[in-house]
Each structure stands twice: as structure tokens, then as C-alpha cells.
Amino acid sequence: MKQAVVIGAGPAGLMAAEILAAAGLHVTVCDAKPSVGRKFLMAGKSGLNLTKSEPLDPFMGAYAEAQRALEPVITAFDSQAVQAWAHDLGQEVFTGSTGRVFPKVMKASPLLRAWLARLGQANVQINTRWLWQGWEGQALEFETPQGREYLSPDVTVLALGGASWARLGSTGDWAAHLRAKGVALTDFAPANAGIRVEWSDHMTRHFGAALKGIALTSGPYSSRGEAAISKRGLEGGGIYSISRGVREGHPLTLDMLPDLSVPEITARLSKPRGKASLKEHLRKTLKLPPAQIALLQEMARPLPDGLRALARLIKALPIKHTGLRPMDEAISTAGGIRFDALDKGLMINALPGVFAAGEMLDWEAPTGGYLISACLATGRWAGEHAADWALRG
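If you're wondering where the values come from, they're calculated on a predicted model, not measured in any experiment.

A. Seen up close, the packing of aromatic side chains. One pass over the structure, following the stated rule, counts 10 aromatic pairs. Where Trp 130 meets Phe 142, the ring centres are 5.3 Å apart and the plane angle is 55 degrees; that geometry is what we call tilted. Taken as a pair, Trp 130 in the loop between β6 (125-128) and β7 (131-136) and Phe 142 in strand β8 (residues 139-144) lie far apart in primary sequence, 12 residues in all. Owing to a relative accessible area of 11%, Trp 130 belongs among the buried residues under this scheme. You can call Phe 142 buried: its relative accessible area is 0%. Where Trp 132 meets Trp 135, the ring centres are 5.0 Å apart and the plane angle is 85 degrees; that geometry is what we call edge-to-face. Trp 135 shares its class with Trp 132; the two are buried. One aromatic cluster is present, built from ring pairs that chain together Phe 59, Tyr 63, Trp 363 and Tyr 370.

Rendered as C-alpha cells:
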């Protein structure tokens, strides 16, 4: 019986293991942490956005320059296939108003339990606390509670994640092992990250406030998602979607009233103000909540006297910040194994019989279902091609 080792027990690794076992290989999954799927479970705390139900063209557009490399992979396991897979594991899903797809239970643990049960029925062996140390000759070397262990499988799938949330297992330490073997990598960078802002004291009372009905822009990236004011800056889906623009050095602007034009806002501001303060006038005429008025004053004090200038500012408020939150706090990372270092089956050219999947690959995508969907799809693709390579060998 052919032997396969999968290193990394996140969604990409578990999917590769499932496919390899279905092809008739004996599969061993090794993970450095005491339990599997830790980042997957963390994602489930906000509902586990599995995929997004939308036409293929806009779906693939979310992967930017990686679109061409990922298109055959994701087409083979698209949004509908992800939903069918979850259903087969006994997890009913629903599609929200924005097209995002979630399990009805809005958490990851039931799906993960069912998945692990199915892998167990397929005789997949899972070794936890097995920290990969690279290769010793041709053998995979691991640091384990029992000491050094070595495995020499017929085929290997690497699914070790990116370089964010190290406490959940994605340390990025694997990059050194691959560079030593001559594998071409792109340096890691934070993706889907919060924005650091050094607030003045008057913003303290607004920590935790949501910024709704806004639009954000940074260079070519834009979002109508929400944001939240936190002690450390700005967080939330809307911010994460445009964080790549900030990382690339583009200015960040916020449109507080994206459904109104500058003339429309000016007309509303032109209503008699009487003895009302500017803050009260903005609240009454534009329905701006206190947190947004505070943000306007924080970023652009003193506010312009002219109503049209004030309207333009409300439509394109420059956000003063000090960059992205640290990489380990980012939801995901850019960078990883370059696609030109892989063949079409995701086998590493410099390492015959070694395949890679998930966030190890050099792609990034915004939140909204694209991240987990691509991890599952690349895990499946790598598993299929790894099984074919082993069985032909």
C-alpha cells in the first residue's frame, strides 16, 4: 500500500488527506499543535464563512494576480462543490444577503468533528505534536514527544499555512526548510489586516463603535463593508478588504455617505443651522452617528468652514494611520511558494513527490469566503495529483 504524509492539519491538509485516502493510499497527517484545525475553529467563531455564492468571473477576480494559476483549481472545486461537501458532512448551509455561505450552526466545530470522523473511517492516522524539521536525507524529520521521528512516504503534501496567528500553528517557519532546498518563495506580508491608528483621548469613548453604511478606498481596492473603531485602530471586514492597498502604500480614504453626492450633501448642510453646534447640525441634517462625527473631527480638525468643502471631506476623509497591524495579527498572509516553482498539479519542481496547498502558496484574497474556499480547493487539487503521482510511481 502506497504511503502518503500530509504535514499540516488545517482545511487544506485535511482535504488533501481525504482525497489521498479515497484514492487508496495509507495517509498519515502530522501537525505541530496538540489538536487539529485550530485556525479553522477560530474562523468559526465569526460564523465560518466557507465560500461565496457568486458567478465564477467575480469570484476569481478576488484572487487578483493569482487568478490565472488558481482558476483550474477552483473551477474543479467551486462554491457549489464546497456547499455540497459540507452537506455531505451533515452540515446544512445558508447564503446571506451578500452571497456569503455559512453553516446554519454558524460555527466550525460540528463540521470539523464530522470531517475527522470520516477521516478516521478512512484509516487516516493523525499525529499531533509532530513538529516538522525538514528533511534528514530523503526522510521527513519530526520533533515529537517521543523524540526524533522519521517518515519516508511515497508522496508528501505540505499544508503548513502562512505566517499569521502563530499560536494557532501558522508560523511560516517552513520557509527556511524550502529555501534550503532551492524553492523560490515570495516574502510574507500581512493580508486582511487591521489599520493602526494613534487616537487622541477624545476617541476613547467610541472604542467598539461600528462604522456602518460607509465606503473605503485605498488605491485600486474599495469596499462597502463595515469597520469598527478599536483601541488600536480600525478593524473589520471593510478594512481587511482594502488593507492590501495600505500595504502597497496607497492613501486610505473613507466615504461616510457613499449613496449621496457632494451636491446632495451640500444641499442638506445648507439647511438653517440656528444655534445648533456643527456636531448637532451634522447629526440632524446627515444622520451621522456620534462615532462618525468624532472620526471626522479626529482626522480633519479644524473642519473647513465652506459647506462644499465639508461635503467633499465627508465623501473622501483621509485616514491618518501608521500602517497595518503586525503580520502575526493578520487574518492571512501574502507571499509563500511562487507558482513558477510548482507544476500544474502543485508539485514543487525542485522536490519531486512533494506537493503544496493552502496558504503556503503565493496568493491572497479578501475575506468573504474566498480564503477557506481556495484552501479547500488547493488541498483537493494537490491531493488528487499527489495520489496520481504516487500510484504511477
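B. Representation of the sheet that holds β8 in the model. The strand order β7-β8-β9 describes an open sheet built from 3 strands, whose pairing is antiparallel. Two strands lie at the open edges of the sheet, namely β7 and β9 (147-151), each paired on one side alone. Within the sheet, the average angular offset between the axes of one strand and its neighbour, ignoring direction, is 30 degrees. Sheet topology places β8 next to β9; 5 bridges connect them, and they run antiparallel. Looking at β9, one finds that Glu 141 is bridged to Tyr 150.

C. The arrangement of the environment of Ala 374 in detail. Examined against the element boundaries, Ala 374 turns out to sit in helix α13 (residues 370-392). A residue is classified by how much of its surface remains accessible, and Ala 374, at 0% relative accessible area, is buried. With 296 residues separating them along the chain, Ala 374 and Asp 78 place their C-alpha atoms 8.8 Å apart. Excluding its chain neighbours within four sequence positions, the residues that come into contact with Ala 374 are Tyr 63, Ile 74 and Trp 363.

D. Examining the nonpolar core more closely. If you look at the biggest cluster of nonpolar residues, it comprises 83 residues, and the most contacted ones within it are Leu 178 and Ile 337. When sequence neighbours within four positions are dropped, the list of residues in contact with Leu 178 reads Trp 132, Trp 135, Leu 158, Val 183, Ile 337, Ile 348, Leu 351 and Met 360. In this structure, Val 197, Met 256, Ala 300 and Leu 310 belong to the second largest nonpolar core, which totals 42 residues.

So, how was this worked out
Residues numbered from 1 in each chain as written. Predicted model: local features only at pLDDT ≥ 70, side-chain atom pairs only at ≥ 80, totals over all residues. Heavy atoms only, no water. Phe/Tyr/Trp six-rings, centres within 6.5 Å; stacked < 30°, edge-to-face > 60°. Helix = DSSP H or I, 4+ residues; strand = E, 2+ residues; numbered from the N terminus. Buried < 20%, exposed > 50% of the residue type's maximum accessible area, 1.4 Å probe, protein only. Pairing = 2+ DSSP bridges. Axes fitted to C-alpha atoms, helices over the stretch in contact; angles between N-to-C directions. Contact = heavy atoms within 4.5 Å. Core = buried A, V, L, I, M, F, W, Y, C linked by side-chain atoms within 4.5 Å.

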